[in-house]
Amino acid sequence: MTGATGDRRRGVPAATYRLQIHAGFPLQDAAEVAGYLADLGVTHAYSSPLLRSAEGSNHGYDTVDHAHIDEARGGRDGFDRFVAALHEAGLGLVLDLVPNHMGVADAAAAPWWWDVLQHGRDSVHAAAFDIDWDFGGGKVRLPVLGSAEDVEKLEVTSGAAGADGAAELRYYDNRFPIAPGTGEGTPQEVHARQHYELVDWRRADSDLNYRRFFAINTLAGLRVEDPAIFDATHELVLQLVRDGAVDGLRIDHPDGLADPKGYLDRLAEASGNRWTVVEKILEPGEDLPEGWATAGTTGYDALTEVDQVLVDPAGEAALTALDTELAGGAVDYAELVHDCKREVTDGILGSEVARLVRVIGELPGVDQKQQTEALAELLATFGVYRSYLPDGREHLDATVAAVRDRRPDLVKAVDALHPVLAQAGTEAATRFEQTSGPVMAKGVEDSAYYRWARFVALNEVGGDPAQFGSTVEEFHAAQRRRAELRPQSMTTLSTHDTKRSEDVRARLAVLAEQPTEWAQLVRQLLARHPLADRPLAHLVWQNLVGAWPLSRERAHAYVEKAAREAGTSTTWTAPDETFEGQLHALVDAAFDDEATHGAIEDVVARIAPFGWSNSLSQKLLQLTMPGVPDVYQGTELWDFSLVDPDNRRPVDYAERRRLLAALDGGEVPGVDASGAAKLLVVSRVLRARRDHPEWFAGYEPVAVSGSAADHVIAFDRGGVVPVATRLPLALAGEGWGDTALQLPNGPWRDLLTGERFVSDVAGVAADLLLARLPVALLVRD
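Once a new chain begins, its residue numbering starts again from 1 and follows that chain's sequence as written. Where totals are concerned, whole chains, interfaces and linings use all residues; where local detail is concerned, this predicted model gives features only for residues with pLDDT of at least 70, and gives and counts side-chain atom pairs only at 80 or more. Hydrogens and water are ignored here; the side-chain numbers use all heavy atoms of the structure.

So, on to the nonpolar core. The definition of a nonpolar core used throughout is a set of buried Ala, Val, Leu, Ile, Met, Phe, Trp, Tyr and Cys residues joined through side-chain atoms within 4.5 Å. Three labels apply to residues, based on accessible area from a 1.4 Å probe with only protein chains included: buried if under 20% of the type maximum, exposed if over 50%, partly exposed otherwise in between. Formed by 177 residues in total, the largest nonpolar core has its most connected members in Leu19, Phe79, Trp113, Phe129 and Val140. When residues of this core are assigned to their parent elements, the largest contribution, eleven residues, is made by helix H24 (residues 594-624). In what follows, a contact means two residues having at least one pair of non-hydrogen atoms within 4.5 Å. When neighbours within four sequence positions are excluded, Phe129 is seen to be in contact with Met102, Trp112, Trp113, Val116, Ala220, Gly221, Leu222 and Arg223. Counting 27 residues, the second largest nonpolar core, distinct from the first, contains Val384, Val403, Leu417 and Ala428. Helix and strand definitions here come from DSSP, where helices need a minimum of 4 consecutive H or I residues and strands a minimum of 2 consecutive E residues; each element is numbered from the N-terminal end.

What follows is the structure, encoded as structure tokens:
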């Protein structure tokens, strides 16, 4: 490898390609696509977590041992082969890292957790976990029993978890250690002597005494703010960085950490300031704290900016009217979010709120009930995921003011809590910050987004469904700000966590251009296939149309998850079989009812070509806007995926290699179902970014004149001018007319088609420039 290639690997990526590594696509398979990724034009592969994780994990965010590469994902041999293949292709590696928590579903598979359960507070690993020992009477509460009576089903058996094959306590397939000298007597007597207590799973909502990732009992929070815990959990990864195997880092869920800034400072020092991005969800208008040692976020903020500019604000009134009709009244989204978040504080995260109350202790003149209610209201009203005191103090102050107005009965409690929660670095303030993020995520992303079906294309991570579209001027302003503040931040359109893939959202955006026609079809479908939960039915029809054609199995899996996440008619913990039967019958009708199937086929046939146009535009914008663009696996072609696990299906790399070879052979594709046009856009932009980084050093909007000027987004990055079409349905009826781009005089060449254009005093006519594709990538010829 040349020194120049090595330096490029260790620097800021020109572009990344996200790979989901799992047993079905291990590191050995990933090594086989390294050459293809280089041909595509990225400079770095971007891998999902690779450390040893829970058995059967398909995502890797449940690390059980930080000292090993996961064997099911290929092990160290597979990792070395993968890195060697990347280096041979001139590529680097960005690795996803999970510092906030580790998997504890199988205690026997997680050595640290096993040791804590066996030895309690005296365990050498007790400080690694965020456990409130005093609340549990010196025991870790584990919510695994089907009922309290199930303690009678415990068994003591010889085991193989320890080196000496020591006896274990078992509950069905669950294995737990036995502390030295406590193994005599009945299983119940043995259980009573342990440093843990097995309890009814329902008590997780109120009585847990260890911090979790969100409300997942099998993911226990880690205390990486402790330097010793940081060192132990990062030793292998940092060695891989020093060895040149890992060139950049993606940090999962920094909002769970006690001190994200301190963590990033320590990581930057230990990694030699490698390019690092954080999975931080910014609310619209929010920025990262200035002092963070990070290049930026993983790109959900960029996703929102691109999505919004391709949505027609004119469609809002008709779709709102439809939503009001289906919901039986106008939906106040802010109120819906508040109520969903209160369900979280009062339900699945009740243990976290209770721990906050314990940490804060008694407040003068405020009883515990008032304190709990006030904390829940503050968490439910908090306008962003969290603060990072002293950064973000304004969000806490605004939340306090809002709760005082909303709940006069809580003024005394809120005023007493305010100075406590405002003291940066205290346990009370820190735990409030660590809790507000999960409340937001579970209340909004995993609840409100499934309940408000006005226009699901906007119900995306990092977005604001209440904001219906944006202007070209707003897009340009956002990109200038991005170029100024975080020019090396990641940008994305699809991830393993998005609610819908980019191409589903692009197709659904067309509905905002014909909302009246859509509303008429929805009413017909609801009349033919009634469902008591009409907003959920609307959500289902939108997603089926957005992802069509899809298999019956995929459709059924999606609607079941969506309905249970919404929690309005059925839930994960108490499924309503009658309702779910009706819901699945609705899905079957999409395939089996001739009229319904025909209606779906017809609407998809009408809007799909305009969806393709939107897809090409959004991809061009994302790949050329300021930042480091990521391509999620497989999305270089059309990808009509729904929420996980649907968006983690196998990728056909042989087909992508074949199509890319055809493009490189001179074939200029049409915009059709093959998706080759998208592959053309992706490969040509990525290669330009790799080979000519100087072309992407600035940002200036390009003026557009004429009758259809509002249908063009164009900007000069300092050497290359991307041109994208927006609102293509309306454009089809109006035509380009006299629309022209006001480019500097002289010859220009489109890197996508190879065609040449000359700009004069009138500019370049849009109808000529965009005759073959709805997008162009211009350079001086």
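Here we come to the pairing of strand E2 (residues 44-47). Here E2 shows a buried face lined by His44 and Tyr46 and a second buried face lined by Ala45 and Ser47. For two strands to be treated as a pair, DSSP must find no fewer than two bridges joining them. The pairing of strand E1 (residues 16-19) with E2 spans four bridges and is classified as parallel. When the bridges of E2 are listed, Thr16 appears paired with His44.

Time to look at the environment of Leu145. Relative to the elements of secondary structure, Leu145 occurs in strand E7 (residues 140-145). Separated by 292 residues in sequence, Leu145 and Gly437 have C-alpha atoms that sit 28 Å apart.

In this analysis, rings of Phe, Tyr and Trp, with Trp reduced to its six-membered ring, are considered paired at centre separations within 6.5 Å, and the interplanar angle assigns stacked below 30 degrees, edge-to-face beyond 60, and tilted for intermediate values. Across all of its chains, the model carries 17 aromatic pairs by this definition. With a centroid separation of 4.8 Å and an interplanar angle of 70°, the aromatic rings of Tyr171 and Tyr172 are classed as edge-to-face. One aromatic cluster is present, built from ring pairs that chain together Tyr17, Phe25, Tyr36 and Tyr653. Geometry around Phe696 places Arg689 over its ring, the cationic atom sitting 4.7 Å from the centre. Either the NZ atom of lysine or the CZ atom of arginine qualifies as a charge over a ring when it sits within 6 Å of the ring centre and within 35 degrees of the ring normal.

Reading across the sheet, the three strands line up as E20-E23-E26 and stay open at both edges, with antiparallel pairing between neighbours. At either end of the open sheet lies a strand with only one pairing partner, and these are strand E20 (704-705) and strand E26 (764-765). In this structure, E20 lies alongside strand E23 (residues 740-741), joined through two bridges in antiparallel fashion. When the sheet's bridge partners are listed, Ser705 is paired in E23 with Ala740.

Time to look at the side chain of His101. Within the fold, His101 resides in strand E6 (residues 101-103). Using a relative accessible area of 1% as the deciding quantity, one classes His101 as buried. The term polar contact refers here to a pair of N or O atoms within 3.5 Å; inside protein, the definition further demands a hydrogen-donor-capable atom paired with an acceptor-capable atom, and it admits residues adjacent in sequence only when both atoms are side-chain atoms. In terms of polar contacts, His101 uses its side chain to reach the backbone carbonyl oxygen of Tyr61, at 3.2 Å. Only 3.0 Å separates the side chain of His101 from the side chain of Asn100, close enough to count as a polar contact. Once residues within four sequence positions are removed from consideration, His101 is found in contact with Tyr61, Phe213, Leu219, Ala220, Gly221, Leu222 and Asp252.

To estimate the expected span of a helix, count its residues, drop one, and scale the result by 1.5 Å. Its 13 residues give helix H12 (residues 333-345) an end-to-end C-alpha distance of 18 Å, which sits within 8% of 18 Å, the value for a rise of 1.5 Å per residue. Taken together, the buried positions of H12 are Tyr333, Leu336, Val337, His338, Cys340, Lys341, Arg342, Val344 and Thr345. Contacts from the buried residues of H12 go to helix H13 (350-360), helix H14 (368-381), helix H15 (393-406) and helix H17 (427-451). The residue sitting at the N-terminus of H12 and contributing the capping side-chain oxygen is Asp332; that oxygen lies 3.2 Å from the backbone nitrogen of Ala334.

Turning to its location among the elements, His119 is positioned in helix H5 (residues 111-119). Under the relative-accessibility criterion, His119 is labelled partly exposed at 28%. C-alpha of His119 to C-alpha of Tyr196: the two residues are 77 residues apart in sequence and 9.5 Å apart in space. Apart from the residues lying within four places of it in its own chain, the contact partners of His119 are Pro180 and His195.

What follows deals with the sheet that holds strand E16 (residues 296-297). Overall, parallel pairing links the eight strands, which are arranged E16-E15-E14-E5-E2-E1-E18-E17 in an open sheet. The open sheet has two edge strands with one neighbour each: E16 and strand E17 (490-491). With three bridges joining them, E1 and strand E18 (residues 628-632) adopt parallel strand pairing. Bridging across to E18, Tyr17 finds its partner in Val631. Lines fitted to the C-alpha atoms define the axes, with helices restricted to the stretch that makes contact. Angles between their N-to-C directions range from 0 to 180 degrees. Against the sheet, helix H9 (residues 260-271) touches strand E5 (92-97), strand E14 (248-251) and strand E15 (275-278), its axis set at about 165° to E14.

Take the packing of H14 against H17 next. Interaxial distance between H14 and H17 falls to 9 Å at its minimum, and their mutual angle equals 60°. In terms of orientation, H14 lies oblique with respect to H17. The hand of the H14/H17 crossing is right-handed. Contacts from Leu375, Leu378 and Leu379 of H14 reach H17 at Phe432, Thr435, Ser436 and Val439. Here the residues of the contact of H14 with H17 sort into five nonpolar, two polar and no charged. Reported orientations rely on four angle classes, namely roughly parallel under 35 degrees, roughly antiparallel over 145, roughly perpendicular from 65 to 115, and oblique for the rest. Two helices that cross are described as forming a left-handed crossing if the nearer one is turned anticlockwise from the farther one by less than a right angle, and a right-handed crossing if clockwise. Throughout this entry, Asp, Glu, Lys and Arg are counted as charged residues, while Ala, Val, Leu, Ile, Met, Phe, Trp, Tyr, Cys and Pro are counted as nonpolar. The remaining residues, Gly among them, count as polar.

Our next topic: unusual backbone geometry. Cis geometry marks the peptide bond from Trp548 to Pro549; its omega dihedral reads -5°. Residue placement: Pro549 occurs in the loop between helix H21 (534-547) and helix H22 (552-566). Here Asp644 and Pro645 are connected by a cis peptide whose omega angle stands at 5°. Here Pro645 lies in the loop between E18 and helix H25 (653-664). Backbone geometry places Tyr172, a non-glycine residue, at a positive phi of 55°. Along the chain, the position of Tyr172 falls in the loop between strand E9 (167-171) and strand E10 (174-177). Exposure remark for Tyr172: the relative accessible area of 56% places this residue in the exposed category. We note that Asn273 has phi near 60°; this positive angle belongs to a residue other than glycine. Topologically, Asn273 is positioned in the loop between H9 and E15.

A few words on H22. With 15 residues, H22 ought to run about 21 Å at 1.5 Å a step, and its terminal C-alpha atoms sit 21 Å apart, in line with that. Burial analysis of H22 places eleven of its 15 residues in the buried class, which makes it a mostly covered element. Buried within H22 we find Arg554, Ala555, His556, Tyr558, Val559, Lys561, Ala562, Ala563, Arg564, Glu565 and Ala566. Buried-residue contacts for H22 involve H17, H21 and helix H23 (577-592).

Before going further, it helps to examine the pattern of salt bridges. Any carboxyl oxygen of Asp or Glu within 4 Å of a side-chain nitrogen of Lys or Arg constitutes a salt bridge here. Within the structure shown, the criterion is met by 69 salt bridges. For Arg564, the salt bridge goes to Glu580, with nearest N and O atoms at 2.8 Å. With Arg564 in helix H22 and Glu580 in helix H23, this pair connects stretches of sequence that are 16 residues apart. Residue Arg564 is classed as buried on the basis of its relative accessible area, which comes to 15%. You can call Glu580 buried: its relative accessible area is 7%. Among the ionic contacts, a cluster of salt bridges with common partners joins Glu335, Arg342, Asp346, Glu373, Glu377, Arg406, Arg407 and Asp409.

By themselves, these observations are geometric and do not establish any function.
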